[in-house]
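Breakdown of the fold
Below, each chain spelled out in residue letters.
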Amino acid sequence: MAGVRLGRSTKRVPLVLCAKVTLVVLLAIGFIVIRYTFSSSSSAEVSSQRSSFDDIFDPESSPVAKEEEEVEENKKRNPSSPPKDGSENGSLEKEMKEGEIEEKAAAAAKNETRDAEGQQENEKQGGEEKAEVVEGEGGIDEDMEDGVDVNTEVEKVDEGRSGANGKEKNKKKKKLGPLFDPGARYNWKLCGGRHGHNYIPCVYMEGGRRHHERSCPQIPLMCLVSLPQEYKPPLPWPERESKIFYKDVAHPKLSAFIKTQSWLNLSEEFLLFPREESEYKGGAQRYINSIEEMAPDIEWGKNIRVVLDIGCTSASFGATLLKKNVITLSLGLMNDQIDLAQLVLERGIPAVVGDLGSRRLPFPSGVFDAIHCGKCNIPWQSSGGRLLFEMNRILRPGGYFIISTKHGDIDSEEGTTKHVDNNSEEGATKHGDIETGEGMSTLMASICWNILAHKTDEVSEVGVRIYQRPASNDIYELRRTKEPPFCKEDDKIDAAWYTPIKSCLHKVPSAIEQHGTDWPEEWPKRLETFPEWLGDSREKLTADHEHWKAIINKSYLNGIGIDWSHIRNIMDMKAIYGGFAAALSSQKVWVMNVVPVHSPNTLPIIYERGLLGIYHDWCEPFSTYPRSYDLLHADHLFSRLKNSQLSSWLRWIEF
């Protein structure tokens, strides 16, 4: 019996041992699985945080911890038999890895110390003027804009790399968040230096002088334009047309200029613009009526709707034409030391700052129904008539070029040589250097512009000439010489952003798909009539028009708390077809439609509808005076810009 029991107990020992070994193995496997799961989720979390904060040091992902996680992950992906106890190779490899980790950690710590020291030094130099951003708990995700991930292509690549592991992909997916943290604090410095509240970034340069042409700072600054002392918001329209607050625009040169002009009166806190006074003797209304009498085809407000007025004085020309349903854009020249364009904008009349130099104006080709230059001092005949070539580009085929001079004889007045200092009082409203050149009559004949009328008004003491651009190319065949030459066919006629003026003549569009082949419908019919050259886009325009009409009527005019009685100057920062401006046409406002230079070229369509617009790159400041606009409208603008573009635009808050 004893032998039998001893035999049975001997047989049970291996079975118990095997069971225990099996249990230990299962526990070890479970521990490894649990540890791998937590380590992978932790590494994924660190990876997600680092992808969102490339330039921010994350303490959770320090170099040592990150290196250890990479080593462990490589071991699990490429499993190999561990070295035996006492193996020299295994211990040597372990020591080498630990040494590399320590070296990398030391290098990273050294770099962090240098960065911290550099950052502290920069903060000491910048002081309170440097913009300070304090992040909240949510942080800032550089890849997110308005709750939408703009880097969709990167996300698709990451999804492809993750393979079929759906759980891992969901864990790595970033949370949607705003572009800016609502809890952040910003300390802005003031820009402009001595120019202060009248500072225009791309006009002024150091030392108080002005650029001859648009030239923006190479290194953008994060700054704000200050308000004038005792600043007051503009009066409601139409009261603001005849008087503005003087301290909103005051500066020494303007004060001296006011004393010499009859159409400007300073009364207590207001700067007054008497309706019966103008830079034209007898009044602007008489001057405009005489132009229509000279050329009866100029039917203000019907045949003529969009006008460019070169040079700003009293802007009485544009203000008077507003009553005739003509919208006039005044082009204030950059060398105007009086800043008359600022007065025009304060009065609620359309204006923009630019220059007639070596570059094209930021407008498309063939869009202005008429171009006017009153009491003109522009050197049209200089550089072989280069500026006239630009007028020929932007003037609509069949459009009118109206020019007036003080003494009535354009050839004798502009054919002489004279020099004007741009920084002098005399040169405040003049263009600058005027070179000797051939007379206007010879230049106009060379580009086949027909002179419709010439008259000297004894009352206003100005001589007026009205020219007309050819409506077809037939007349060019009658030229005796081929000077000036025609522009090449591959020349992009609508390219107007930092594009030099070419000394060549653009032909009249003849293809049915080109804009400018036909004269638009009379106003206001042209606002909702889309020409044939638009082709299939006419359906899109109709839908866009109805879309904005519904939004304006149901929401903008009543639902978002805007006091429209104090709104006059509006900018649509990303206009497409001008639907927003068209829907506001019944209101007492005007809209500057901005088409970004990197967007489809829809600006000719906007002008075809009888509206104003301009090209612009929102990576740079806009060419206008501070506080020019009462309302800015940005529909899908920021969500279309990359973060670098948006941050660059936000550096200049000038409106």
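Described below are features of the structure shown in this document. What you see is a predicted model; the values in this text were computed from it and never measured.

What follows covers the pairing of strand E12 (residues 395-405). Of all the 11 residues making up E12, 11 are buried; the element is thus mostly covered by neighbouring parts of the structure. With five bridges connecting them, strand E11 (residues 368-373) and E12 associate as parallel partners. The partner of Phe-368 across the bridge, within E12, is Leu-395. Between E11 and its parallel partner E12, the chain crosses via helix H10 (residues 386-394), and the hand of that crossover is right-handed. Where E12 and strand E14 (residues 462-468) come together, six bridges link them in antiparallel fashion. Within E14, the position partnered with Ser-404 by the bridge is Val-464.

To continue, consider the state of the cysteines. Tallied over the entire structure, the rule returns three disulfides. Disulfide partner of Cys-373: Cys-376, at an S-S distance of 1.8 Å. What sets the handedness of the Cys-373 and Cys-376 disulfide is the S-S torsion sign, and at about 80° it is right-handed. The burial state of Cys-373 is the same as that of Cys-376; both residues are buried. Through a disulfide, Cys-487 is tied to Cys-504; the S-S separation comes to 2.0 Å. Because the sign of the S-S torsion sets the handedness, a value of about 95° for the bond joining Cys-487 and Cys-504 places this disulfide among the right-handed ones. Here Cys-504 lies in the loop between E14 and helix H13 (537-556) and Cys-487 lies in the loop between E14 and H13, a separation of 17 residues in the sequence. Residue Cys-487 is classed as buried on the basis of its relative accessible area, which comes to 14%. Within the protein chain, bonded cysteines paired by disulfides and numbered along the sequence follow the pattern 1-2, 3-4, 5-6.

Moving on, we get to the pairing of strand E17 (residues 612-616). Along any regular strand the residues' side chains alternate between the sheet's two faces. Judged by how many residues are buried, E17 sits mostly within the fold: five of five residues are covered. Neither face of E17 is left uncovered, since the one carrying Leu-612, Ile-614 and His-616 and the one carrying Gly-613 and Tyr-615 both have all their residues buried. Sheet topology note: the strand E16 (residues 590-596)/E17 ladder contains five bridges and is parallel. Bridge pairing in E17 places Val-594 opposite Ile-614. Each parallel crossover has a hand, and the one from E16 via helix H15 (residues 603-608) to E17 is right-handed.

Further remarks concern the packing of aromatic side chains. Inspection of the entire model under this criterion finds 17 aromatic pairs. With a centroid separation of 6.1 Å and 65° between ring planes, the pair formed by Phe-257 and Trp-263 is classed as edge-to-face. Neither residue differs from the other here; Phe-257 and Trp-263 are each classed as buried. On the numbers, 5.4 Å between centres and 90° between planes, the contact of Trp-380 with Phe-401 is edge-to-face. With a gap of 21 residues between them, Trp-380 in the loop between E11 and H10 and Phe-401 in strand E12 connect regions that are remote in the sequence. Taken individually, Trp-380 and Phe-401 each receive the classification buried, so the pair is uniform in this respect.

Ranked by size, the top nonpolar core spans 103 residues in total, and within it Leu-308, Trp-380, Met-391 and Phe-401 carry the most contacts. Setting aside anything within four residues of it in sequence, one finds Met-391 in contact with Ile-310, Leu-356, Leu-361, Ile-371, Trp-380, Phe-401 and Trp-449. Among the nonpolar cores identified, the runner-up in size contains 20 residues, and Trp-300, Ala-370, Ala-453 and Val-464 belong to it.

Our next topic: unusual backbone geometry. Looking along the chain, the bond that leaves Trp-237 and enters Pro-238 is cis, with omega of 10°. When you line up the elements, Pro-238 lands in the loop between strand E4 (223-224) and strand E5 (243-245). A cis geometry characterises the amide bond from Glu-483 onward to Pro-484, with omega recorded as 0°. A positive phi angle, near 45°, is found at Lys-375, a position not held by glycine. By the element assignment, Lys-375 lies in the loop between E11 and H10. Residue Lys-375 is classed as partly exposed on the basis of its relative accessible area, which comes to 26%.

Attention shifts here to the side chain of Ser-314. Take Ser-314: it is sitting in the loop between strand E8 (306-310) and helix H8 (316-322). A polar atom in the side chain of Ser-314 sits 3.0 Å from the side chain of Ser-316. Residues contacting Ser-314, with those up to four places away along its chain left out, are Trp-263, Ser-278, Glu-279 and Arg-347.

Moving on, we get to a nonpolar patch on the surface. Where nonpolar side chains cluster on the molecular surface, the patch consists of Leu-17, Val-21, Val-25, Leu-26, Ile-29 and Val-33 and spans about 550 Å² of accessible area. Mapping Leu-17 onto the fold places it in helix H1 (residues 2-52). We classify Leu-17 as exposed; its relative accessible area is 53%.

Here we take up the sheet that holds strand E9 (residues 327-333). Consider a sheet: its strands pair through backbone hydrogen bonds, and that pairing is either parallel or antiparallel. Read across the open sheet, the seven strands follow the order E10-E9-E8-E11-E12-E14-E13; overall the sheet is mixed. If you trace the sheet from one side to the other, it starts and ends with strand E10 (351-354) and strand E13 (450-457), each paired once. The mean inter-strand angle of the sheet, taken between neighbouring strand axes irrespective of direction, is 20°. When E8 meets E11, the two strands line up parallel, connected through three bridges. Within E11, the position partnered with Asp-309 by the bridge is His-372.

With that settled, consider the sheet that holds strand E18 (residues 631-633). Spatial strand order, E17-E16-E15-E18: four strands in an open sheet with parallel pairing. Among the strands making up the open sheet, the edge pair consists of E17 and E18. This sheet shows a mean twist of 25° between the axes of neighbouring strands, independent of strand direction. In this structure, strand E15 (residues 569-572) lies alongside E18, joined through three bridges in parallel fashion. Looking at E18, one finds that Asp-572 is bridged to His-633.

This next bit is on the pattern of salt bridges. Within this structure, the stated rule accounts for 16 salt bridges. In this structure, Glu-269 and Lys-232 form a salt bridge, with 2.7 Å as the shortest nitrogen-oxygen distance. With Glu-269 in the loop between strand E6 (265-267) and strand E7 (270-272) and Lys-232 in the loop between E4 and E5, the pair connects residues that are 37 residues apart, well separated along the chain. Residue Glu-269 is classed as partly exposed on the basis of its relative accessible area, which comes to 34%. Three or more residues joined by partner-sharing salt bridges are found here, namely Asp-369, Arg-396, Arg-526 and Glu-608.

Calculation notes
Residues numbered from 1 in each chain as written. Predicted model: local features only at pLDDT ≥ 70, side-chain atom pairs only at ≥ 80, totals over all residues. Heavy atoms only, no water. Buried < 20%, exposed > 50% of the residue type's maximum accessible area, 1.4 Å probe, protein only. Helix = DSSP H or I, 4+ residues; strand = E, 2+ residues; numbered from the N terminus. Pairing = 2+ DSSP bridges. Right-handed = clockwise from strand over helix to strand, strands pointing away. Disulfide = S-S within 2.5 Å. Phe/Tyr/Trp six-rings, centres within 6.5 Å; stacked < 30°, edge-to-face > 60°. Core = buried A, V, L, I, M, F, W, Y, C linked by side-chain atoms within 4.5 Å. Contact = heavy atoms within 4.5 Å. Polar contact = N/O pair within 3.5 Å; in protein donor to acceptor, adjacent residues only side chain to side chain. Patch = residues over 30% accessible without salt bridge, like charges linked within 9 Å, V, L, I, M, F, W, Y side chains within 5 Å. Areas by Shrake-Rupley, 256 points an atom, 1.4 Å probe, with all protein chains shown as cover. Salt bridge = Lys/Arg side-chain N within 4 Å of Asp/Glu carboxyl O. Axes fitted to C-alpha atoms, helices over the stretch in contact; angles between N-to-C directions.

Without other data, these values stay purely geometric and don't point to any function.
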